[in-house]
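Report on the structure
Letter by letter, the chains look like this.
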Amino acid sequence: MTDSKYFTTNKKGEIFELKAELNNEKKEKRKEAVKKVIAAMTVGKDVHFDIASYSKKMDSKDFDELKVSNALRYDILTEVLNSLGVSCEPSQTPAPSPVYLLATSQWTSEMICGNNINVCSTFRERNIHRNDKKRSWSEIATAVDISDFFSQDCEDPNPLIRALAVRTMGCIRVDKITEYLCEPLRKCLKDEDPYVRKTAAVCVAKLHDINAQMVEDQGFLDSLRDLIADSNPMVVANAVAALSEISESHPNSNLLDLNPQNINKLLTALNECTEWGQIFILDCLSNYNPKDDREAQSICERVTPRLSHANSAVVLSAVKVLMKFLELLPKDSDYYNTLLKKLSPPLVTLLSGEPEVQYVALRNINLIVQKRPEILKQEIKVFFVKYNDPIYVKLEKLDIMIRLASQANIAQVLAELKEYATEVDVDFVRKAVRAIGRCAIKVEQSAERCVSTLLDLIQTKVNYVVQEAIVVIRDIFRKYPNKYESIIATLCENLDSLDEPDARGAMIWIVGEYAERIDNADELLESFLEGFHDESTQVQLTLLTAIVKLFLKKPSETQELVQQVLSLATQDSDNPDLRDRGYIYWRLLSTDPVTAKEVVLSEKPLISEETDLIEPTLLDELICHIGSLASVYHKPPSAFVEGSHGIHRKHLPVQHSSIDTGESPVSGGPAAAMDQPHVIPSQGDLLGDLLNLDLGPPVNVPQVSSMQMGAVDLLGGGLDSLLGGDLGGGVGGSPAVGQNFIPSSVPSTFAPSPTPAPPAVSSGLNDLFELSTGMAIATGGFVAPKAVWLPAVKAKGLEISGTFSRRQGHMYMDMSFTNKALQHMNDFAVQFNKNSFGVIPTSPLPIHTPLMPNQSIEVSLPVNTIGPVMKMDPLNNLQVAVKNNIDVFYFSVLIPLNIFFVEDGKMERQVFLATWKDIPNENELQYQIKDCHLNADTVSGKLQNNNVYTIAKRNVEGQDMLYQSLKLTNGIWILAELRIQPGNPNYTLSLKCRAPEVSQYIYQMYDSILKN
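Keep in mind that this is a model prediction, so the values were computed, not measured.

A short note on the overall build of the protein chain
The secondary structure content of the protein chain amounts to 38 helices and 15 strands. By residue count, 52% of the 1012 residues in the protein chain fall in the buried class. In the protein chain, once contacts between residues fewer than 6 apart in sequence are set aside, the share between residues at least 24 apart is 68%.

Observations concerning the confidence of the model for the protein chain
Across the protein chain, the average pLDDT comes to 75, with 74% of residues at 70 or higher. Predicted confidence is poor over residues 60–73, with pLDDT under 50, and the contacts of this stretch with residues over four places away or in other chains come to 34 contacts. Across residues 90–141, confidence stays below pLDDT 50; counting only partners more than four residues off in sequence or on other chains, it has 121 contacts.

Side note on the pattern of salt bridges
This structure, assessed with the given rule, holds 34 salt bridges. Measuring nitrogen to oxygen at the nearest pair gives 3.0 Å for the salt bridge that ties K397 to D389. Here K397 falls in the buried class, since its relative accessible area comes to 1%. On the accessibility criterion, D389 (9% relative accessible area) is buried. For the salt bridge of K549 with E513, the shortest nitrogen-to-oxygen distance reads 2.7 Å. Note that K549 is positioned in helix α28 (residues 537–553) and E513 in helix α26 (residues 501–513), a separation of 36 residues in sequence.

Details of unusual backbone geometry
Note that the residue after D873, namely P874, is joined by a cis bond; omega there is 0°. Secondary-structure assignment places P874 in the loop between β8 (856–864) and β9 (877–883).

Quick word on the side chain of N923
Summarising the element assignment, N923 is placed in the loop between α36 (909–918) and β11 (924–929). According to the relative accessible area criterion, N923 is buried, its value standing at 5%.

Thoughts on the environment of D931
Here D931 is to be found in the loop between β11 and α37 (936–944). Between the C-alpha atom of D931 and that of D1007, which follows or precedes it by 76 residues, the distance is 9.8 Å. Ignoring sequence-local partners within four residues, the contact set of D931 consists of P985, N986 and K1011.

Observations regarding the pairing of strand β10 (residues 888–894)
With six of seven residues buried, β10 is to be regarded as a mostly interior element. The sheet contact formed by β9 and β10 spans seven bridges and is antiparallel. Opposite A881, over in β10, you have Y890 as the bridge partner. Linking β9 to β10, which pair antiparallel, is a turn of four residues.

Quick look at the sheet that holds β8
An order of β3-β4-β5-β8-β7 is seen for the five strands of this open sheet, with the pairing classed as antiparallel. The open sheet is flanked by β3 (787–790) and β7 (840–841), the only strands paired with a single partner. Here β7 pairs with β8 via two bridges, running antiparallel. By the bridge assignment, P841 is partnered in β8 with V863.

Some remarks on the packing of helix α17 (residues 312–325) against helix α19 (residues 355–371)
In contact at an axis separation of 12 Å, α17 and α19 are set at 10° when each is read in the N-to-C sense. The angle between α17 and α19 falls in the class roughly parallel. For the pair α17 and α19, the contacting residues are S312, L316, V319 and M323 in the first and V357, V360, N364, I368 and K371 in the second. Among the residues forming the contact of α17 with α19, the class breakdown is six nonpolar, two polar and one charged.

Description of the packing of aromatic side chains
The tally for this structure, following the rule as stated, stands at 13 aromatic pairs. With a centroid separation of 6.2 Å and an interplanar angle of 85°, the aromatic rings of Y480 and Y484 are classed as edge-to-face. The class for Y480 is buried, based on a relative accessible area of 6%. A residue is classified by how much of its surface remains accessible, and Y484, at 9% relative accessible area, is buried.

Quick notes on the nonpolar core
Membership of the largest hydrophobic core comes to 180 residues, with the highest contact counts inside it found for L266, L417 and F477. When residues in this core are grouped by element, the largest group, ten residues, is from α28. Beyond its immediate stretch of four places on either side in the chain, F477 contacts Y484, E485, I487, I488, L491, W509, I510 and Y514. Counting 65 residues, the second largest nonpolar core, distinct from the first, contains V839, F901, L966 and I1002.

Looking at the side chain of K320
Among the secondary structure elements, K320 is positioned in helix α17. The contacts of K320, once residues within four sequence positions are left out, are D283, S286, I623, C624, H625 and I626.

Describing helix α12 (residues 220–227)
An α-helix turns once per 3.6 residues; consequently, residues spaced three or four apart project the same way. Within the sequence span of α12, burial applies to F220, L221, S223, L224 and L227. The buried residues of α12 occupy one face: seen down the axis, they fall within an arc of 155°.

Description of α36
All of the buried residues in α36 are F912, T915 and W916. Down the axis of α36, the buried set is contained in an arc of 100°. They therefore lie on one face. With respect to the buried face of α36, the exposed residues turned more than 90 degrees away are Q910 and K917. For α36, the secondary structure elements touched by its buried residues are β11, β12 (949–956), β13 (959–967), β14 (973–980) and β15 (987–993).

So, the packing of helix α14 (residues 260–270) against helix α15 (residues 275–285)
Contact pair α14 / α15: the axes reach a minimum separation of 10 Å and the direction vectors enclose 150°. Comparing the axis directions of α14 and α15 gives the class roughly antiparallel. Read as a crossing pair, α14 and α15 show a hand that is left-handed. Judged by residue contacts, I263, L266, L267, A269 and L270 of α14 engage Q278, I281, L282, C284 and L285 from α15.

Focus on the pairing of strand β5 (residues 810–819)
With nine of ten residues buried, β5 is to be regarded as a mostly interior element. Where strand β4 (residues 798–807) and β5 come together, ten bridges link them in antiparallel fashion. The residue of β5 that forms the bridge with R807 is H810. Counting the residues that bridge the hairpin from β4 to β5 gives two residues, and of these Q808 lies at a positive phi of roughly 55°. Summarising the sheet, β5 and β8 pair through eight bridges and their orientation is antiparallel. Paired with F817 across the bridge in β8 is I857.

Some details on the environment of H533
Position of H533 among the secondary structure elements: in the loop between α27 (521–529) and α28. For the pair H533 and L568, spaced 35 residues apart in the sequence, the C-alpha separation amounts to 8.3 Å. Excluding its chain neighbours within four sequence positions, the residues that come into contact with H533 are Q540, L568, D572 and S573.

Considering the environment of G797
Topologically, G797 is positioned in the loop between β3 and β4. A residue is classified by how much of its surface remains accessible, and G797, at 9% relative accessible area, is buried. The spatial distance from the C-alpha of G797 to the C-alpha of M825 is 9.7 Å, given a sequence separation of 28 residues. In this view, G797 contacts A792, T818, N819, K820, A821 and M825; residues no more than four positions away in its chain are not counted.

What counts, and at which threshold
- Residues numbered from 1 in each chain as written.
- Predicted model: local features only at pLDDT ≥ 70, side-chain atom pairs only at ≥ 80, totals over all residues.
- Heavy atoms only, no water.
- Helix = DSSP H or I, 4+ residues; strand = E, 2+ residues; numbered from the N terminus.
- Buried < 20%, exposed > 50% of the residue type's maximum accessible area, 1.4 Å probe, protein only.
- Contact = heavy atoms within 4.5 Å.
- pLDDT = per-residue confidence, 0-100.
- Salt bridge = Lys/Arg side-chain N within 4 Å of Asp/Glu carboxyl O.
- Pairing = 2+ DSSP bridges.
- Axes fitted to C-alpha atoms, helices over the stretch in contact; angles between N-to-C directions.
- Parallel < 35°, antiparallel > 145°, perpendicular 65-115°, else oblique.
- Nonpolar A, V, L, I, M, F, W, Y, C, P; charged D, E, K, R; others polar.
- Phe/Tyr/Trp six-rings, centres within 6.5 Å; stacked < 30°, edge-to-face > 60°.
- Core = buried A, V, L, I, M, F, W, Y, C linked by side-chain atoms within 4.5 Å.
- Arc of directions from axis to C-beta.
- Left-handed = near helix turned anticlockwise from the far one by under 90°.

Structure representation (C-alpha cells):
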C-alpha cells in the first residue's frame, strides 16, 4: 500500500491518537506516527504539540528511512524551528528532489528570554547527503550561532545544500539573524551554480520584506539587476520575480530599468525557462512601453508562441502582453489583423478545461470582448451553453454571447436563448429571458423577432418567466417607442400573476406610459392602489408617476384617483423620497397644469444599447491585469487588496508616445497642485446636475465686471430657481446666485468689457491655474478648421459649428449659427461650465436679430481665462450651454491649447538651462512627429507665429536641435527640445514641465501647427 493513505484520514480524536502512537514502545508504530504527522502538516492540519517530548524515542535511522520530498522536508524543518521559538513563513515550494534529509536523535527547547533566543538544544546528530559524510551540531546558544550554522552550509561543496541553506535563512523572520545573512547571501548571488543563484534571488525579496533599508544599503538590488543578464533563464526569471515583488512597495521607482537591451534579454530567456518563470517574465514585459510600433511588433512576434503553451496561466499572461501592445500597432496594418486572428484559438482552447479554469477564462474573455469584440466575433458557438456546465459557467457564457451578438448571428443566438428559457434552473432562465431583451435593444433588426419570442414565453404561463419577460418588454418599449404597443393587451392579461416588485413596477410603467391606448387604465392602476402601503418603495414611486401621467392624459375621469394617490404619498407615507415627489407633483398640478404636462409627459431619452459595459478607464486598467484576481473580480486591485503600500494603477500605453525609461508616465509632483474637485458631467453626460445650473431668461440687472464674474460660483443656486415661477432669477426678481447666462439682448453698456488679466505671480504650487497676459502681438497663428459642435438633430433645428483662435493677444470662439428649423430663433445666450483654464465669455453673443429659417450667421465671441477653475478630463474639455427661445442645448468641445500660448513665453537662455535641470527627469515625455517635411528654420518660424519661441539652435552630428519655450495663460511654462534630422520626415519632440499632464496636448498642437 502506498503512503497516500496518510493523506486521506479525517478521524475525530486523530491528534490524541498521534500523541499515543509517538509514545508507543514499538518502533514500527512510532515510524507510522511520524509519517502521519508529516502528512497532517502537509495538508494544513494543526499538529503543533511538543515534538521534543516524543523525539527521544526516535533513532537516527528512523529518519534516514523517511525519503520525503522537499516540500515535506521543509514542513518538518518549519516545525523544528517553531519548537525552538523561531517564526517561519511559507516560501516558494521547489521542484521535488529528495536531497536534504534532516535526522536527529534528541533535542530539547527551553524558554525564550528577552530579545535573544536562548536555545540550549543539543542536536547530537544530523545526517545529510553530503558525500555520505556526517557532522554533528554543537550546542546553539544564541541567534548568532544559528546564523553561523547556516553560513557554514552556504559554503558546502554540494550546491543543493548551499541553495537550501540560503532558502531556509530567508524564511527565518528574526531581526537578529537577518543582519548576519547579508554576507552569505552576497556570495550565493554570485555562486557558480545557477540553482544557488536563482534561490538567492528569491531570498533577496524575502529579506526586503523584513528589512527593506538593509537590502538597499547592502546593494542587493543592484545584484538583482545584474542577474537579469545571467546566462541561465531560471536565474533571470527569479530575478525578475524578485524585482517585481520589491517594486510593488516602490511604485514610483524604476527598479527593473526596462530598456530595449534588457527586454531582449528577457525575451531570450522566455523560451528556455519553466512555465512559472515565463509568467514572471511576461508580466514584466506587460509593464514596458515600446518606443514605437516597430518595437511593439517585434516583441509581439516573440511573445506569440506562448499562446500555444499548455499552461493556461502562461497563455493569459501572453494575451495580456499582446492586448496592451495592440494599442501601439497601426490598425490598418496586416500584422494587426493577423495578430487578432492568432488571439482567438488559444482563448477558445481555454474553454476545454475544468469548470473552474473555464470560469476564470470566461471572466477574462468578457473583458477582452468588451475591448476588442472582433477577436472572437466568429467564435460565438463556443459560448453556447452545455447541459452539464455549472451555473456560474452558464451565466458567464450567456453574458459573452450577448456581447458578441450581431445581425449576422442573431438567429442562432435567439434560438439558443429560447431553448435556455425552458431550463429548470430559475436564475439561468431569468438571465436567458433578460438576454433576449438585450438582443432586441442591441440589434434593431432583431427586435420584432425578439418580441415575438418573448410573447411565446409569456404564453407558457410560467410565473417567473412571465414576470421577467414583462420587465424586458418595458425596456424594449423605451428603446422603440410607439412600435410594439399592440402587445399591451396580452401583457395586461397577466396582471394578476405579478408578485415581484420589478415586474409590478414595469407593468405599472407600461400602463401609465400608454394610458391613452388602454381603455381601463384607471381600473388597472386603481387595483394596485388598494395595497399601496404594502408595496415596495420602487413600486410606490412608479405608481405615483403613472397615475399623474394618467391624470394629465384623462383629467376629467381620474381626478379622484390622483387626489387619492397624492394624499397617500404625502400624508400617509413616512418615506422622504415618496413624500417629496408627491409634493412636487401636487405643486405642479395645482399651479400650472400645462407646465406639469410638459415636465411629466416630456419625451424620454432612448435607453443605451449596452447598459452593463465596464467604464472605459476601468476596462483599460483591468486589461492590464488579465490573468490576475482583478480580471476575475472585474475590480481594480485597490478595491480588494489591503496593504501598507499604495497600489500603482496601470494604464494601457498611448500610441506614438513614451518616455526614456520605457514606463508609463505617472502624474505626480506638481500635478498634485491641480485641485481634485467633485465630479462634474463628463463629455458623455453633458446634462450634468441641472439643479445647479441657472438656465433662466435674461434679467434686467446690470452685469458684474469680468473680474467679479470670474469669482462667482458657476454651480450655485438651482433648486429655488427651478421650482419658482421665475426660472431666471431669485425671489422678487433678484438675480439668482451663480453665473447667469450672458444674454445677447443686454445693452453693451452693461456688458463686461475685456479686462487685461494681471501678470502671473509665482507662488509655488498655487500658481498652477493663475493668469498671465500677453505682451507682444503675433499674427498668422494656427486656426483649426470649423467642426460641427451641435448638430441640428440634437438641438431642434439649431446647428452650431466653430473653432477657436488667438488674434492680437486675445482669444475668440468663432462660431456659425444655422437655423434648420421651421420657426425663427432669438434670445440667444451662452454659458460655460467650470473648466481647467477658467475660460469664460467676456461679452454677450452678438446675435441681435432673430435667426430666420435656413439663415446662418457668423459669430466671434471673445473669451478670457479669469473664470472659476475645475480640472476636466480631458484637460482641454469645455462644456457649453446655449439657450434660445426654444430650449437650452448642451454640447462639449475640445479647446486647442495653442490659444493659451501667451506672447511673453520667451525664456532667457540661462533661465531655460536652469529650469530644464530643475524639472525632474520623470516629467520629461518624448513624442514622435511623423511625416513632416520642413527644415529647422521653417519649423522655428511656424512655431514662433504661435508664440512658441526658439531659445537656441544647435547642430549635433548633422542633426538640428531646437530648444524652445512657451507659456500658458495660467502661468505654466513648457520647455521643449525638437530634433530634426535632414531628410528624415520624423521629428523627435521632448517636453518638460512641472505639470506633465499638459504635455500630451502640447504635442498635439506641435503636430497640428507643423502639418498645417
